[in-house]
Amino acid sequence: MIEHRGARVDSIKIAWNATVRRADLSGQGVTPHVLRHTAITWAMQRGVRIEDASAFFGVTPEELRRTYWHHHPDFVAAAADAMDRQSGAKLGRGFRPND
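Rules of the game
- Residues numbered from 1 in each chain as written.
- Predicted model: local features only at pLDDT ≥ 70, side-chain atom pairs only at ≥ 80, totals over all residues.
- Heavy atoms only, no water.
- Helix = DSSP H or I, 4+ residues; strand = E, 2+ residues; numbered from the N terminus.
- Contact = heavy atoms within 4.5 Å.
- Areas by Shrake-Rupley, 256 points an atom, 1.4 Å probe, with all protein chains shown as cover.
- Polar contact = N/O pair within 3.5 Å; in protein donor to acceptor, adjacent residues only side chain to side chain.
- Core = buried A, V, L, I, M, F, W, Y, C linked by side-chain atoms within 4.5 Å.
- Buried < 20%, exposed > 50% of the residue type's maximum accessible area, 1.4 Å probe, protein only.
- Axes fitted to C-alpha atoms, helices over the stretch in contact; angles between N-to-C directions.
- Parallel < 35°, antiparallel > 145°, perpendicular 65-115°, else oblique.
- Nonpolar A, V, L, I, M, F, W, Y, C, P; charged D, E, K, R; others polar.
- Phe/Tyr/Trp six-rings, centres within 6.5 Å; stacked < 30°, edge-to-face > 60°.

K.L.:
Account for the overall build of the chain, naming residues and giving values.
P.N.:
Scanning the chain from N- to C-terminus turns up five helices and two strands. If you list the helices and strands of the chain from N to C, you get β-β-α-α-α-α-α. Long-range contacts, defined here as pairs at least 24 residues apart, represent 27% of the contacts in the chain between residues at least 6 apart. Approximately 7600 Å² of the chain is accessible, and the part contributed by carbon and sulfur atoms is 56%.

K.L.:
So, the side chain of His-72: which residues are in play, and what are the values?
P.N.:
Residue position: His-72 is located in the loop between α4 (61-68) and α5 (77-87). Here Gly-47 takes part through its backbone oxygen, which lies 3.5 Å from a polar atom of the side chain of His-72.

K.L.:
So what's going on with the nonpolar core? Residues and values would help.
P.N.:
Note that soluble globular proteins tend to have their nonpolar side chains buried in a common cluster. Formed by Ile-40, Ala-43, Met-44, Ile-50, Ala-53, Phe-57, Val-59, Leu-64 and Tyr-68, the largest nonpolar core amounts to nine residues. The set of elements that each furnish at least two residues to this core consists of α2 (32-45), α3 (50-57) and α4. With near-sequence residues (within four places) excluded, Ile-40 lies in contact with Phe-57, Val-59, Leu-64 and Tyr-68.

K.L.:
Can you explain the packing of α3 against α4? Please cite residues and give values.
P.N.:
As a packed pair, α3 and α4 sit with axes 9 Å apart at the nearest point and diverge in direction by 110°. Classed by the angle they form, the pair α3 and α4 counts as roughly perpendicular. Residues Ile-50, Glu-51, Ala-53 and Ser-54 of α3 touch α4, and the partners they reach there are Pro-61, Leu-64 and Arg-65. Per-class residue counts for the contact of α3 with α4 are four nonpolar, one polar and two charged.

K.L.:
Describe in detail the side chain of Ser-54, supporting the description with residues and values.
P.N.:
Mapped onto the secondary structure, Ser-54 falls in helix α3. Owing to a relative accessible area of 12%, Ser-54 belongs among the buried residues under this scheme. At a separation of 2.5 Å, a polar atom in the side chain of Ser-54 contacts the main-chain carbonyl oxygen of Val-59. If near-sequence neighbours (up to four positions away) are discounted, Ser-54 is found in contact with Val-59, Thr-60, Pro-61 and Leu-64.

K.L.:
How would you summarise the packing of aromatic side chains if you had to cite specific residues and measurements?
P.N.:
Under the counting rule described, the total for this entry stands at one aromatic pair. On the basis of an interplanar angle of 85° and a centroid distance of 5.0 Å, the ring pair of Phe-56 and Phe-57 is categorised as edge-to-face. Among the residues examined, Phe-56 registers a relative accessible area of 68% and is labelled exposed.

K.L.:
Any chance you could break down helix α1 (residues 13-22) for me, citing the residues and the numbers?
P.N.:
Trp-16, Ala-18 and Val-20 are the residues of α1 that are buried. Tucked inside the fold, the buried residues of α1 contact α2. Two residues or fewer past α1, Asp-24 is found with a positive phi of approximately 55°.

The following block contains the structure:
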């Protein structure tokens, strides 16, 4: 449940529409889901622990791993480190095989 000044908010449409106008995002297809997805992606890119992101965003750790883990700096880190040790090449922790 969402509250504002102690009263239940039944709909966020008015506030959402005003916010979209103030941010000059009208007509760009921005939705609360898009902003949530962006915020979670940024959290992963900044290395936030799965458990912390799960609690903050209200998303299960499994969903975070399935949908967002590939944005995390630790994604494939063990494999990249192993390749570094094996080949002597420096792929580095930022190595992403599909980038």
